[in-house]
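# Structural description and commentary
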Amino acid sequence: MTISISARFDGGNIELIEKPVGSHVRLKIRKDAHSEFLQWFYFRSTGTNAKKTSYSIENAGQTSYADGWKDYKVCASYDLKNWFRVSDTSYTEGKLNFSFTAEHESVYFAYFAPYTMVRHQNLIAGTLTNSRVQYKNLGQTLDGQDMDLLVIANSFDPDAIKEKKKCWVIARQHPGETMAEWFMEGWLERVLDATDPVTRTLLENVVFYVVPNMNPDGSRRGHLRTNAAGSNLNREWQNPTMEKSPEVYLVLKEMEKTGVDCCLDVHGDEALPYNFIAGAEGVPGWSQRLLSLQEAYKSSLVQNNPDFQTKYGYDVDTPGAANLAICTNYIAEAFDCLSMTLEMPFKDNADAPCSRHGWSPERAQKLGASNLDALYAVVDKLR
């Protein structure tokens, strides 16, 4: 059977350099539209059953975060439900090479376990029969997709909502960081569990505003980092427009209506094999109050989930030097609130490695759930 490669599906990204010769497949990653960003890949290979096949992504050295390929292992799945790592993966001379002997006629490969727009739609739909959820369509993207907002509260009486703290949780500004929406799936499952004492108590004091996918267009198109216009949404917060970044524009307008007492922005990092939080220490309005809240949140998360750590992360901005176009910085400054970016690895968690799965959707879901414990630890001190 002839080897066939396809990526013309929701979130797919790969191109054949030439027709496969024997059992060797030469590939390249397609750039985000109207952008130079590239790194995300997701494709299907057929016709390789019981035959060792080698794959080479030949422009890996020209990707946006080429250093991220060190110690990286490709993700693979037969059924799009169970994802595992390809142990025979290497990065040499600017090429990402991997070999695999498929046990079935069809196998999928990806940079990380995909989170498709179909799964996103199922995630949203699955919440709507819960009495704690109100749905709001904030508007549409450049490709005409809906910007989904879930409002979660134990009462939607306007007077009750007015008295409660407003906590925003957003994910996947960068569409290739699919672990961020896996995180949201675990977070939502727990917050909507009426038997959970932590979330039940939180909802006595908090209204949640949740955007599980900030970048539907990039997600469907198979982008790494940008929307349909080629905009990096996490550099648009200081001056978003409906022409370049409607996703940020629409969310920020809603934030201005509701107010923000806490904001968590969920991402993935290509290079660092750790889970960590980046704060807003460099904003002009940074204070001891915000530092204490952030440290208490991280300390609680360390205690509640050993997959999280505080030793490794990004360098802290010098005072007053923060880029206010970045979500975490802009929200902290504009609303004088606890605002954080949570990062997860594309590779594995170096503190607790798993050779079979690496960092996985399941572990991201668990980390999402654990963040509710961290919020519980600080909620009374947010204002």
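This text follows the structure it describes.
Read on for a plain summary of the structure. (Residues numbered from 1 in each chain as written. Predicted model: local features only at pLDDT ≥ 70, side-chain atom pairs only at ≥ 80, totals over all residues. Heavy atoms only, no water.)

## Let's talk about helix H8 (residues 327-335)
Each turn of an α-helix holds 3.6 residues, which means side chains three or four residues apart point in the same direction. H8 sits mainly inside the fold: seven of its nine residues count as buried. Within H8, the full set of buried residues consists of Cys-327, Thr-328, Asn-329, Tyr-330, Ile-331, Ala-332 and Phe-335. For H8, the elements touching its buried residues are strand E13 (165-171), helix H6 (246-258), strand E15 (262-269), strand E16 (276-278) and strand E17 (338-345). Asp-336 sits one or two residues past H8 and shows a positive phi near 50 degrees. (Buried < 20%, exposed > 50% of the residue type's maximum accessible area, 1.4 Å probe, protein only. Helix = DSSP H or I, 4+ residues; strand = E, 2+ residues; numbered from the N terminus. Contact = heavy atoms within 4.5 Å.)

## Some thoughts on the sheet that holds strand E6 (residues 75-77)
An order of E1-E4-E10-E6-E7 is seen for the five strands of this open sheet, with the pairing classed as antiparallel. This sheet does not close on itself; its edge strands, each paired only once, are strand E1 (4-6) and strand E7 (84-85). (Pairing = 2+ DSSP bridges.)

## Examining the packing of helix H3 (residues 179-191) against helix H9 (residues 361-378)
Where H3 contacts H9, the two axes come as close as 7 Å, and the packing angle between them is 50 degrees. Judged by the inter-axis angle, H3 sits oblique to H9. Considering only the axes of H3 and H9, their crossing is right-handed. From H3, Met-179, Trp-182, Phe-183, Glu-185, Gly-186, Trp-187, Arg-190 and Val-191 reach across to H9, where they touch Pro-361, Ala-364, Gln-365, Leu-367, Gly-368, Ala-369, Ser-370, Asn-371, Leu-372 and Asp-373. (Axes fitted to C-alpha atoms, helices over the stretch in contact; angles between N-to-C directions. Parallel < 35°, antiparallel > 145°, perpendicular 65-115°, else oblique. Left-handed = near helix turned anticlockwise from the far one by under 90°.)

## Quick look at unusual backbone geometry
Most peptide bonds take the trans configuration, and most residues that are not glycine carry a negative phi. You will see that His-34, though not glycine, has its phi angle at about 60 degrees, which is positive. Mapped onto the fold, His-34 is located in the loop between strand E3 (24-28) and strand E4 (42-46). Positive phi outside glycine occurs at Asp-71, with the angle close to 65 degrees. Within the secondary structure, Asp-71 is located in the loop between strand E5 (53-57) and E6.

## Describing the pattern of salt bridges
On inspection of all chains with the given rule, the structure shows 19 salt bridges. Arg-363 is paired through a salt bridge with Asp-307; the nearest N and O atoms lie 2.8 Å apart. One end of the pair, Arg-363, is in helix H9; the other, Asp-307, is in the loop between helix H7 (288-304) and H8, and 56 residues separate them in sequence. For the pair Arg-363 and Asp-307, a shared accessibility class is recorded, and that class is buried. In this structure, a network of salt bridges that share partners links the residues Glu-18, Arg-26 and Glu-58. (Salt bridge = Lys/Arg side-chain N within 4 Å of Asp/Glu carboxyl O.)

## Topic: the sheet that holds E15
An order of E11-E12-E14-E13-E15-E17-E16 is seen for the seven strands of this open sheet, with the pairing classed as mixed. Edge positions in the sheet fall to strand E11 (133-140) and E16, since each has one partner strand and no second. Along the sheet, successive strands turn relative to each other by an average axial angle of 25 degrees, direction set aside. As judged from the three bridges shared by strand E12 (residues 146-152) and strand E14 (residues 206-211), these two strands associate in the antiparallel manner. Bridged to Val-151 within E14 is Tyr-209. Packed on one face of the sheet, H3 meets E12, E13, E14, E15 and E17 and runs near 140 degrees to E15. The sheet contacts of H7 involve E15, E16 and E17, and relative to E17 the element is tilted by about 35 degrees.

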